[in-house]
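As a plain string of letters, each chain reads:
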Amino acid sequence: MYYLNENIENLNRIFDQNLREPYIRMDLNENPVGLSEDFIKEVLSDVTPQLVAQYPETLPFTERLAEFLGLDGVENICLVNGSAEGVRYVIEAYSRPGGKILAVDPSYAMYRVYSNMYGREFIPIPYDDNLQMSVDRIIEAMNPDIDILVVLNPNNPVGDVYSYEEMDRIVAKAKECEITILIYKAYFYFYPNSFMKYAVENDHVFITRTFSKLFSLAGLRLGYVVGQPEGIEMVQKLCTPHNVNAIAMKFAKAILDKDGMIDELVSKQLEGKQFLVDELQKNGWEVNAKEGNFVFIKTKTDAEEVMKRLKSEAKILVKTYSGIGDFGVCLRVSTGEKYVMEKFIEAMKEIDC
Ligand SMILES: Cc1ncc(COP(=O)(O)O)c(C=O)c1O
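Residues numbered from 1 in each chain as written. Predicted model: local features only at pLDDT ≥ 70, side-chain atom pairs only at ≥ 80, totals over all residues. Heavy atoms only, no water.

Trainee: Give a description of the pattern of salt bridges that names residues and reports values.
Mentor: Evaluated as defined, the whole model comprises 18 salt bridges. Here Arg20 ties to Glu30 by a salt bridge, and the two come within 2.5 Å at their closest N and O atoms. Residue Arg20 is found in the loop between α1 (6–9) and β1 (24–25), and its partner Glu30 is found in the loop between β1 and α2 (37–44); the two are separated by ten residues along the sequence. Residue Arg20 shares its accessibility class with Glu30, and that shared class is buried. The network of salt bridges with shared partners includes Arg64, Glu67, Lys253 and Asp257. (Salt bridge = Lys/Arg side-chain N within 4 Å of Asp/Glu carboxyl O. Helix = DSSP H or I, 4+ residues; strand = E, 2+ residues; numbered from the N terminus. Buried < 20%, exposed > 50% of the residue type's maximum accessible area, 1.4 Å probe, protein only.)

Encoded structure:
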């Protein structure tokens, strides 16, 4: 008899093949314009036929990354094809069939998707009406029946963050209950509490990070998991052979190696975001802007309609969201360089009035 895994049959996935290239993309928290063309050309000029023909060599890049992160060595890092892949492996390795995965809600959709994929039970910890997540609520929800707790710092979509003191309490409770913690740091640099020490000093604590956001390499798919060597070995076992590509590593290394490049990316991002928030507020929009490269905007007219018109009239993609305090259905907009934010503001003035 043929067999089909029931979890997969029942799984709800969005397989997005929309053409987004002709638009200004402010819908998925990428860098809407990307790195400078000169930088892209410079890195590509070093892409040789051999580099493309051979399976990727991960060691030199992983060593550079370990040095950059201040880690002891490559044993603390598993490279993955986008950090979303790393999340999947941690869930697969560290939760049991039917086990419970605890995560704040709303949050990144893939925690729930992976829970369903592997037949785990996803347990959301909801934000309150003012979009606050008290650490006490997370701690209360933890008990020895839970296999994994996922916390994001900052959280997407809410953008809230935890302090070291709060994370100390979360880690202490997790130890007591023997819960593996996954700290998701896609938006690191937009809130630079690295929390790296938790993954280095404790077993069963993993951090995932990505080159998709500030580093602007979402199209190349590169992320990593950090943890103690024994845990990283388990995550590595799940990886498909040669799971990260050579060109992605070349770009990532070039960014790490280029003097001042990361600081420049951060300051451009912060400048653009501040400009956007100021202009929106000056022009009468309510904004929820916490940490991260995105803000929420309460539209003056129907948010779904604004989203459609931004797409058709201004060629700008944004996302609608609900569940952000009392904003009702609102817009989530990725932030980036100031000149792109200017285009967005101009379009909003025309469309949402
Ligand atoms: C919280 C969170 N995790 C993961 C991702 C995806 O990251 P990656 O491109 O590294 O797979 C995103 C992207 O929007 C995200 O917001």
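Trainee: Mind laying out the sheet that holds strand β12 (residues 319–321), listing which residues take part and the relevant values?
Mentor: The strand order across the open sheet formed by four strands is β9-β10-β13-β12, and the pairing between neighbours is antiparallel. Bordering the open sheet on either side are β9 (286–288) and β12, each of which pairs with just one other strand. Averaged over neighbouring strand pairs, the angle between their axes works out to 35° when direction is ignored. (Pairing = 2+ DSSP bridges. Axes fitted to C-alpha atoms, helices over the stretch in contact; angles between N-to-C directions.)

Trainee: Describe the sheet that holds strand β4 (residues 121–126), naming the residues involved and giving the relevant values.
Mentor: Strand order in the open sheet made by the seven strands is β2-β8-β7-β6-β5-β3-β4, with mixed pairing throughout. Either end of the sheet is taken by a strand with one partner, and the two such strands are β2 (77–80) and β4. Averaged over all neighbouring strand pairs, the angle between strand axes comes to 20°, with direction disregarded. In this structure, strand β5 (residues 146–152) lies alongside strand β6 (residues 180–184), joined through five bridges in parallel fashion. Its bridge partner being in β6, Val151 is matched across the sheet by Ile183.

Trainee: If you had to explain the nonpolar core to someone new, which residues and values would you point to?
Mentor: Ranked by size, the top nonpolar core spans 64 residues in total, and within it Ile138, Tyr162, Ile170 and Phe211 carry the most contacts. Per-element tally for this core: the top contributor is helix α11 (residues 246–257), with six residues. Setting aside chain neighbours within four positions, we find Ile170 in contact with Val135, Ile138, Ile139, Met142, Leu149, Tyr162 and Ile181. By size, the runner-up hydrophobic cluster in this structure holds 28 residues, among which are Tyr89, Met110, Leu152 and Cys239. (Core = buried A, V, L, I, M, F, W, Y, C linked by side-chain atoms within 4.5 Å. Contact = heavy atoms within 4.5 Å.)

Trainee: Describe in detail the packing of helix α5 (residues 83–94) against helix α10 (residues 229–238), supporting the description with residues and values.
Mentor: Axis separation between α5 and α10 bottoms out at 9 Å; the angle between their running directions is 105°. Of the possible angle classes, the one that applies to α5 and α10 is roughly perpendicular. Facing α5, whose interface residues are Tyr89, Val90, Glu92, Ala93 and Tyr94, α10 presents Gly231, Met234, Val235 and Leu238. For the contact of α5 with α10, the per-class residue count stands at seven nonpolar, one polar and one charged. (Parallel < 35°, antiparallel > 145°, perpendicular 65-115°, else oblique. Nonpolar A, V, L, I, M, F, W, Y, C, P; charged D, E, K, R; others polar.)

Trainee: Give me helix α8 (residues 164–177): which residues, what numbers.
Mentor: Structurally, the α-helix is built with 3.6 residues per turn, so residues lying three or four positions apart point the same way. For α8, with 14 residues, the first-to-last C-alpha span of 20 Å sits near the 20 Å given by 1.5 Å per residue. Restricting attention to buried positions, one finds in α8 the residues Met167, Ile170, Val171, Lys173, Ala174 and Cys177. Looking straight down α8, one finds its buried side chains confined to an arc of 165°; they lie on one side. Along α8, the residues that are exposed and aim more than 90 degrees away from the buried face are Glu165 and Glu176. On the buried face of α8, the contacting elements are α7 (135–141), β5, β6 and α9 (196–201). (Expected span 1.5 Å × (residues − 1). Arc of directions from axis to C-beta.)

Trainee: Account for the environment of Glu92, naming residues and giving values.
Mentor: Of note, Glu92 is situated in helix α5. Expressed as a C-alpha distance, the spacing of Glu92 and Leu152, which sit 60 residues apart in the sequence, is 19 Å. Ignoring anything within four residues of it in the chain, the contact list for Glu92 reads Tyr118, Arg120 and Leu238. Within the local environment of Glu92, its side chain forms a polar contact with the side chain of Tyr118, the two groups lying 3.0 Å apart. (Polar contact = N/O pair within 3.5 Å; in protein donor to acceptor, adjacent residues only side chain to side chain.)

Trainee: So what's going on with the environment of Thr335? Residues and values would help.
Mentor: Among the secondary structure elements, Thr335 is positioned in the loop between β13 (330–334) and α14 (338–351). The class for Thr335 is buried, based on a relative accessible area of 0%. As for Thr335 and Lys268, which are separated by 67 residues in sequence, their C-alpha atoms are 10.0 Å apart. Once residues lying within four places of it in the same chain are set aside, the contact partners of Thr335 are Glu30, Pro32, Gln269, Lys273, Leu276, Asn293, Phe294, Val295 and Met341.

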